Amino acid sequence: MDRDYRLGFSALEREVEIGRVPVEGAVPGWLSGTLIRNGPGTWDAGEKKLRHWFDGLAMLHRFGFRNGSVSYSNRFLDSPQRRYLKERGEIGYSEFATDPCRSIFKRFSSLLSSPEFGANASVSVHKLDERFVALTETPLPVEFDPETLATAGVVRFEDDLDIIGSSPHPHTDPATGDYINHATHVSRNPAYNFFRVRPGRLHREVLASIPAREPAYMHSFGQSEHHVILVEYPLVANFIKMLLTGRPYAENLRWKADRPARFHVIDKQTGELTGAYATDPFFCFHHVNSFERDGDLFVDLLAYPDAAVIEDFYMDVLRDPESAVASAAVAELRRYRIGMDPAKRSSLLEYEVLSEEPMEMPRINERYTTRSYRYAYGIGVSREGRGEWLDQLVKADVVERTSRTWYAGDCYPGEPVFVASPEAREEDDGVVLSVVLDAAAGDSFLLVLDAASFEEIARARVPHHIPFGFHGEHFGEAG
């Protein structure tokens, strides 16, 4: 593998535990706890390869902080897919864009009867009550130990809710502590079901159900103080065709450009659908934040004109030395305004662009979730680099419509995670943490930026490269 961004799409098989990694600069002494990140560790599957970035076997990475020092460890999630590969040397379960090519009977049985189907939870991490869980786009949280990263197993909910697809980006309601997510129910009468899990329980309580004639692919959703917002894009899935043809989920998605995108707004307390609002078609992986102000609902998200970006994330494209996919891998930071007062509603939603810098993997100061906020952080494409892959960090001021960036040659950062300082008075008083691939050195480091100035203050280097992953969380109490 050449020493360029493609190193981030090569396998990491080593599992290590390092009590103290070398630090360049100074990590703030107040930074404590743990940053846990999730993403693929390998795409190798015996004689075959897992075909898409989203398909790689889940690996957790742990950075611990104490008195200015940094520890590191990594470990594969013990999923059915990984065990099958180790024991038989071949793919045993379907992934987003990879299918093991089994018979229709076995595919149907696996999809409907296996409690572990899709438990390769490689997308995100979250706390479900007191459990630390890894998540993917199937409704199977996988519990792990935040200290050792050892897999504890699939969390069994104490209900019979029949769902097949879920979001790896659940929300916690700041007011109640409820765990809120949406999931797709597939039957003769398919629907999008919102559910919540009360603190201290494992029972999924249906909050709302929205009929879905052709279920769409939706990676995330929005939450404001009083509402949840599900944006339905015209990227639809045919589950029956998937079972009959044997083609994986991604290859049964169809973009229907003649259909609008539709915002479904649901009251979190009553479950009532307060409105469905249409706008021109677009696609989105990630919501940024939603909030209510002066009778309006504002929904901030990262928008693509269509869903072509999914095709750009196939491994043969990403590993192609002639490919440059960065231009397709960044989205426009948009704010949609919904007039909740019936007298202010329009027939077609409009939006404004909040930043001149496109970005992906957005994060904010989580204390401002469901509230009016000022700063969003993400990854983007620099003007200084070669434009092959995402190579800069972005701090967008959505009030002043300005931005700051961090860039270093041959370095490719991952999702920025904001951590507030203990005495924080300003929204950006804290640090931003990002795992960065140093392609020239052939390894990776944890970058620590001062969030206010967006200037580098430290690097904690690990002795190998870390493949490009997806999402992580800082857990102050897990350190």
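Preceding this section is the structure that the text describes.
Conventions we followed
Residues numbered from 1 in each chain as written. Predicted model: local features only at pLDDT ≥ 70, side-chain atom pairs only at ≥ 80, totals over all residues. Heavy atoms only, no water. Pairing = 2+ DSSP bridges. Helix = DSSP H or I, 4+ residues; strand = E, 2+ residues; numbered from the N terminus. Axes fitted to C-alpha atoms, helices over the stretch in contact; angles between N-to-C directions. Phe/Tyr/Trp six-rings, centres within 6.5 Å; stacked < 30°, edge-to-face > 60°. Buried < 20%, exposed > 50% of the residue type's maximum accessible area, 1.4 Å probe, protein only. Lys NZ or Arg CZ within 6 Å of the ring centre and 35° of its normal. Salt bridge = Lys/Arg side-chain N within 4 Å of Asp/Glu carboxyl O.

Participant: Tell me about the sheet that holds strand β24 (residues 296-303), residues and numbers included.
Facilitator: Either a parallel or an antiparallel arrangement is found when strands of a sheet pair, and the pairing is made through backbone hydrogen bonds. Taking strand neighbours across the sheet as the criterion, the 4 strands line up as β23-β24-β25-β26 in an open arrangement whose pairing is antiparallel. Because the sheet does not close on itself, it has two edges, and the strands there are β23 (287-293) and β26 (351-353). Averaged over all adjacent pairs, the angle separating strand axes in this sheet is 20°, with direction ignored. As defined by bridge partners, β23 adjoins β24 across 6 bridges and the pair is classed as antiparallel. By the bridge assignment for β24, Arg293 is matched with Asp296.

Participant: Help me get a handle on the packing of aromatic side chains, residues and values and all.
Facilitator: To describe a pair of aromatic rings, you give the distance between the ring centres and the angle between the ring planes. The full count for this structure, using the stated rule, is 39 aromatic pairs. Measuring from centroid to centroid gives 5.7 Å for Tyr233 and Phe283, while their planes differ by 70°, and the two rings are edge-to-face. Taken together, the residues span a long stretch of sequence, with Tyr233 in the loop between β18 (227-232) and β19 (235-237) and Phe283 in the loop between β22 (273-279) and β23 at a distance of 50 residues. Across the pair, Phe283 and Tyr233 agree in class, each one buried. The ring of Phe195 is capped by Arg204, whose NZ or CZ atom sits 5.9 Å from the centre of that ring.

Participant: Before we move on, could you go through the pattern of salt bridges and cite the residues and values that matter?
Facilitator: According to the stated counting rule, one finds 31 salt bridges in the structure shown. With a closest N to O distance of 2.8 Å, Arg334 and Glu332 form a salt bridge. The class of Glu332 is partly exposed, set by a relative accessible area of 29%. Here Glu352 ties to Arg401 by a salt bridge, and the two come within 2.6 Å at their closest N and O atoms. Of this pair, Glu352 sits in strand β26 while Arg401 sits in the loop between β29 (392-397) and β30 (402-407), and the two are 49 residues apart along the sequence. For Glu352, a relative accessible area of 37% translates into the label partly exposed. Look at Arg401 and you get partly exposed, because its relative accessible area is 31%. Overlapping salt bridges bring together Arg37, Arg363, Glu366, Glu415 and Glu473 as one network.

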